[in-house]
Amino acid sequence: MPHDHDDHAHHLLPSDPELKLKALEQILLDKGLVQAEAIDEIIDSYAHKIGPHRGAELVARAWTDIAFKEQLFENTDAVITEMGFSGRQGEHVVIVENTPECHNLVVCTLCSCYPWPLLGIPPSWYKSDAYRSRAVSEPRTVLAEFGLELAEDVSVRVWDSTAEIRYLVLPMPPDEISGLSWQDAAQYVSRDAMIGTAIAAAPLPDKG
Ligand code: FE
C-alpha cells in the first residue's frame, strides 16, 4: 500500500527537536513566563550581534595596543562592559594569556559554562562528556586531536569555568599581524584560539 499521503504529512511536520522547542516555547508563552518579543530579541542577538568576533576584537586590541592590554588585565570586567560586551553568562571574565612557555585551555568539567557574550553559543564538542573529562585528564592528547601539537617544553594549564568565572584565552600574536590595525589583526583570532584548542593563525581562505 502506498504511503504517499502519510509521507507528505510527515514532511510538513518540523523535525523532532524543532517540535519539542516549539512546544516548550508555547507552554512558556501560555503561562506568561516569557514574552514573544523577548525570545525574538535573544534569538536576534545571538544570530547577528553576539559571537566570536567580539572576543576577537578584544584579543586584537590587546595585541595592537599595549595600554589597552594593561587595562584589560587590570580591570577586565570594566573594559568588557565599556565595550558593550558584558551580559548574561559573562558577568565575570578572566583572561588567561598564552606564552611561549605556557598554553591555556578552557573547559567546564561540570556542565558547559562559557563566556557567551564574548564567544556566542558554545560549540557542541565543548559540551560533550568526552571533552569535559579528557581536557583535564589528557589535555595534550585532546589538543593533538584538534591538530595542535605542542612542543614538549610548553606546559598546558587547564582552566575549569564555573557559573561565576568564565575564562577567555589570549592567544599569542602570530608574526603576520605586526603593523596591522586591530580590525585586520582580528581576522587571525578564531573562536577555538580563544578556548585554547587552536592557536591564532591566518584565516582559512573562503571555500567559495
Ligand atoms: Fe558549566
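Residues numbered from 1 in each chain as written. Predicted model: local features only at pLDDT ≥ 70, side-chain atom pairs only at ≥ 80, totals over all residues. Heavy atoms only, no water.

1. Examining the overall build of the protein chain
No. 1: Counting its secondary structure elements, the protein chain contains 11 helices and four strands.
No. 2: Viewed in the frame of its principal axes, the protein chain has a C-alpha envelope of about 65 × 40 × 40 Å.
No. 3: Taken across its 208 residues, the protein chain has 35% of its residues classed as buried.
No. 4: Once local pairs closer than 6 in sequence are excluded, the contacts in the protein chain between residues at least 24 apart make up 69%. (Helix = DSSP H or I, 4+ residues; strand = E, 2+ residues; numbered from the N terminus. Buried < 20%, exposed > 50% of the residue type's maximum accessible area, 1.4 Å probe, protein only. Contact = heavy atoms within 4.5 Å.)

2. Observations concerning the nonpolar core
Here is a general trend for soluble globular proteins: nonpolar side chains tend to be buried in one another's company.
No. 1: Ranked by size, the top nonpolar core spans 41 residues in total, and within it Leu 58, Trp 63, Tyr 131 and Leu 168 carry the most contacts.
No. 2: With six residues, the top contributor of residues to this core is helix 4 (residues 52–64).
No. 3: With near-sequence residues (within four places) excluded, Leu 58 lies in contact with Phe 68, Leu 72, Ile 80, Met 83, Ile 95, Leu 118 and Leu 168. (Core = buried A, V, L, I, M, F, W, Y, C linked by side-chain atoms within 4.5 Å.)

3. As for the domain arrangement of the protein chain
No. 1: When the domains of the protein chain are assigned, the result is domain 1 (16–47) and domain 2 (50–195).
No. 2: Between domain 1 and domain 2, the C-alpha centre-to-centre distance is 30 Å. (Domains from an automatic or database assignment.)

4. A short note on the coordination of the iron ion
No. 1: Here the iron ion is held by the protein donor atoms Cys 108 (SG), Cys 111 (SG), Cys 113 (N) and Cys 113 (SG), which lie 2.1 to 2.6 Å from it.
No. 2: Classification of the site at the iron ion rests on its four donor atoms, whose angles at the metal span 80 to 132 degrees, yielding the label irregular.
No. 3: Sequence spacing of the donor residues for the iron ion, all on one chain, is C-x2-C-x1-C.
No. 4: A residue is classified by how much of its surface remains accessible, and Cys 111, at 35% relative accessible area, is partly exposed. (Donors = N, O, S within 2.8 Å, 3.2 Å for Na, K, Ca; no water. Tetrahedral: all angles 85-135°; square planar, octahedral: opposite > 155°, others 65-115°.)

5. A look at helix 8 (residues 129–137)
No. 1: All of the buried residues in helix 8 are Tyr 131, Arg 132 and Ala 135. One face of helix 8 carries all of its buried residues, which in axial projection span an arc of 100 degrees. Facing away from the buried surface of helix 8 by more than 90 degrees, the exposed residues are Asp 129 and Ser 137.
No. 2: Tucked into the core, helix 8 has its buried residues touching strand 2 (102–107), helix 9 (139–145), strand 3 (155–160) and helix 11 (191–195). (Arc of directions from axis to C-beta.)

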